[in-house]
Amino acid sequence: MSELTRRTCGRSLQGVQVSASRRSGTTDELGPDGPDPERDGPDGADLLAALLDGMDAALCAFDADGVVTHWNREAERILGWTAAEAVGRRGFAGWAVRTADAEDVEARLMTAMQAPGRQVHEFALLTKDGGRVLVRTQSAAVHGPDGKPAGVYCAFSEVHTQIDLERSIALSEALFEDASWGVVLVDADLRPAVVNAHAARALGTGRTAVLGRPLGDLLSQGVEELESALTHVLAEGAPPAPAEMWVSVRTAEGEKRRCWRSGFLRLASPLAEEPVPLGVGWLFQDITEAKQTEQEAALLRFRTNQLHRAARAAAECEDPGEAATVHLDFSLAGFADHALIDRVAGGPVADGDRDGDGPPVRLVRAADTPTGAPGPSLLVGKAELPVWYAEGHPALQCVERAGSVRASAGVSDAERAREWAISRQWPGDAVHALCAVLRSRGRTLGVVTFLRGAGRSQFERADAVYAEDVAVRIAAALDLAALAGPAGER
């Protein structure tokens, strides 16, 4: 190192304030031979001063006679006494502790010289301006070169600060052990760093198996939305309210669709001068059952309202056939893409007429929805020409069983799905079908068929119940139209 550099470093070290010590000999040695004056870097006193003054906790030390030997800046901040005023005093009596309490306080501190480990106490200290501060102390013996106790060091902090720290630690431990919701710490690379037991069960894996893995390995759907939320939190901070996210979790039993109500917190290092994001705290709760119940209730309310509105609109139709198409149009909203009505050729079929070896039932198209542009359903089939349905067609099965029948293309290829629909006399974009029988006065009048495209899910049991409600109203309108005869056409 050049002479100029050495002199510059020397001036810098001289500017470091050395911690006040009554006995410099106890702190000025780094080793048996002491510091090398030609070696760069701080000596023992500089290093000790930096360590003591940089501590977050207040620290003081006593020799074997109870005289204060060290006093750091945090102790000065809490009590107001400077190092120059504190070092060299014997005990706390008369300045840092009330005289009446001094004997008890000093006895508890000095007993640490003979006791193993650390001793924890709480007592009140006096500030320089006469106030009182309740502190929690940890004291332990300081041993000399001969191994005998040479004094005591005492680290202390305000009780409320210590309690806040303990609460923070206890909260962290509780969240990662006993919390009834999932807690995941995600690092800046969007990979789980810490996972509690509840979150591990929700993700279908163990607590250690999930660490460091991309979220895409754990979720098959919803991962893009989740990663987008985590990235936003890292950049902008926590959102003002929880978010509900639908995800599909990969498990040993297959994929499971779940809804998680999630909250996010940006984690920043408390040791950095400027906030440095360490990652994101992600807390979530599984609300799948509640969400499904809520969705089912909303869907039921909507469908009930549609049935009510359709009934009122149909009541204003002079032609019962038109009333049937009104019910059909109202039922399509949010339920299906297409619908059609087929009547039994030759009139309604009573239950007893289906027994025996008679001719098969034939169906005549009565009404359907436009397949091109959207519009109201139209009455068709005045020529009474039967629709060619192959044996085993869902509509024919519906008539034979006098119950609902569901069918689906079951293929992912668009061309094959189109062939499946056209072969059944349905629009080419139909992928899922639901046939509900039209029954009135104990007779089968025909079938109403609802069709969905590839953008919708298959019909479920709840859908069949709704279709049957619609079918009852359509059947009543068609039966009334048959009873009215020519009068119903005027």
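Residues numbered from 1 in each chain as written. Predicted model: local features only at pLDDT ≥ 70, side-chain atom pairs only at ≥ 80, totals over all residues. Heavy atoms only, no water.

A look at unusual backbone geometry
Peptide bonds are, in most cases, trans, and in most cases residues other than glycine have a negative phi. Definition in use: Under the DSSP-based scheme used, a helix requires at least four consecutive residues in state H or I and a strand at least two consecutive residues in state E, with every element numbered from the N terminus.
Unlike most non-glycine residues, Leu-190 shows phi in positive territory, near 65 degrees. Tracing the backbone through its elements, the reader meets Leu-190 in the loop between β6 (182–187) and β7 (192–195). Not every positive phi belongs to a glycine, and Ala-402 is a case in point at roughly 55 degrees. Examined against the element boundaries, Ala-402 turns out to sit in the loop between α11 (394–401) and β16 (405–408).

A short note on the nonpolar core
This is how it is decided: What we call a nonpolar core is a set of buried Ala, Val, Leu, Ile, Met, Phe, Trp, Tyr and Cys residues that are connected through their side-chain atoms within 4.5 Å. Burial classes: relative accessible area under 20% of the type maximum marks a residue as buried, over 50% as exposed, and values in between as partly exposed (1.4 Å probe, protein chains only).
Core analysis: the biggest nonpolar cluster contains 30 residues, and Phe-335, Ile-341, Leu-438, Val-448, Phe-450 and Ile-474 have the highest contact counts within it. Contributing elements (two or more residues each) for this core: α9 (288–315), α10 (320–332), β12 (338–344), β14 (363–368), β17 (432–440), β18 (443–452) and α13 (461–484). It is α13 that provides the largest number of residues to this core, a total of nine residues.

Notes on the side chain of Thr-69
Quick note on the threshold: Polar contacts here mean pairs of N or O atoms no more than 3.5 Å apart (in protein, one a potential hydrogen donor and the other a potential acceptor; neighbouring residues in sequence count only if both atoms are side-chain atoms).
By the secondary structure assignment, Thr-69 is in strand β2 (residues 68–71). When its relative accessible area of 5% is taken as the criterion, Thr-69 is described as buried. A polar contact of 3.0 Å, which involves the side chain of Thr-69, links it to the side chain of His-70.

Looking at the packing of α9 against α13
As a reminder of what qualifies: Every angle, taken between N-to-C directions, lies between 0 and 180 degrees, and every axis is a line fitted to C-alpha atoms, over only the stretch in contact when it is a helix. Geometric relationships in this document are graded by angle, where less than 35 degrees denotes roughly parallel, more than 145 denotes roughly antiparallel, 65 to 115 denotes roughly perpendicular, and other angles denote oblique. Any pair of residues with heavy atoms lying within 4.5 Å of one another is described as a contacting pair. Side-chain classes follow a simple rule in which Ala, Val, Leu, Ile, Met, Phe, Trp, Tyr, Cys and Pro form the nonpolar group, Asp, Glu, Lys and Arg form the charged group, and the remainder, Gly included, forms the polar group.
Across the interface, α9 lies against α13 with an axial gap of 11 Å and an inter-helix angle of 10 degrees. Between α9 and α13, the angle falls in the class roughly parallel. Where α9 abuts α13, its residues Arg-303, Gln-306 and Leu-307 lie against Ala-462, Asp-463, Tyr-466, Asp-469, Val-470 and Arg-473. Classifying every residue of the contact of α9 with α13 by side-chain character gives four nonpolar, one polar and four charged.

A short note on the packing of aromatic side chains
Keep this limit in mind: Pairing of aromatic rings covers Phe, Tyr and Trp, the last counted by its six-membered ring, and requires centre-to-centre distances within 6.5 Å; plane angles under 30 degrees mean stacked, over 60 mean edge-to-face, and any other angle means tilted.
Following the criterion strictly, the structure yields eleven aromatic pairs and no others. For the ring pair Phe-335 and Tyr-466, a centre distance of 5.0 Å and an interplane angle of 75 degrees mean the geometry is edge-to-face. Pair noted here: Phe-335 is in the loop between α10 and β12 and Tyr-466 is in helix α13, with a separation of 131 residues, a long-range link. Given a relative accessible area of 5%, Tyr-466 falls into the buried group. Three or more aromatic residues link up through ring pairs in this structure, and these residues are Phe-62, Trp-71, Trp-81, Phe-92 and Trp-95.

So, the pattern of salt bridges
Condition: Any Lys or Arg side-chain nitrogen found within 4 Å of a carboxyl oxygen on Asp or Glu counts as a salt bridge.
The full count for this structure, using the stated rule, is 19 salt bridges. One salt bridge in this structure joins Lys-128 and Glu-85, with 2.7 Å as the shortest N-O distance. With a gap of 43 residues between them, Lys-128 in the loop between β3 (119–126) and β4 (132–143) and Glu-85 in helix α4 (residues 83–86) connect regions that are remote in the sequence. Taking the shortest distance from any N to any O, the salt bridge between Arg-98 and Asp-101 comes out at 3.2 Å. Each of Glu-244, Arg-261, Lys-291 and Glu-294 takes part in one network of salt bridges that share partners.

Some details on helix α5 (residues 99–110)
Our working rule: In a helix, the anticipated span is given by 1.5 Å times the number of residues less one. The directions from the helix axis to the C-beta atoms form the arc being described.
With twelve residues, α5 should reach 16 Å at 1.5 Å per residue; the first-to-last C-alpha distance of 17 Å fits that figure. Where α5 is concerned, the buried positions are Ala-102, Val-105 and Leu-109. Down the axis of α5, the buried set is contained in an arc of 85 degrees. They therefore lie on one face. Of the residues in α5, the exposed ones pointing more than 90 degrees away from the buried face are Ala-100 and Glu-103. Those residues of α5 hidden inside the fold are in contact with β1 (58–63), β3, β4 and β5 (149–158).

Coordinates in, geometry out; function isn't part of it.
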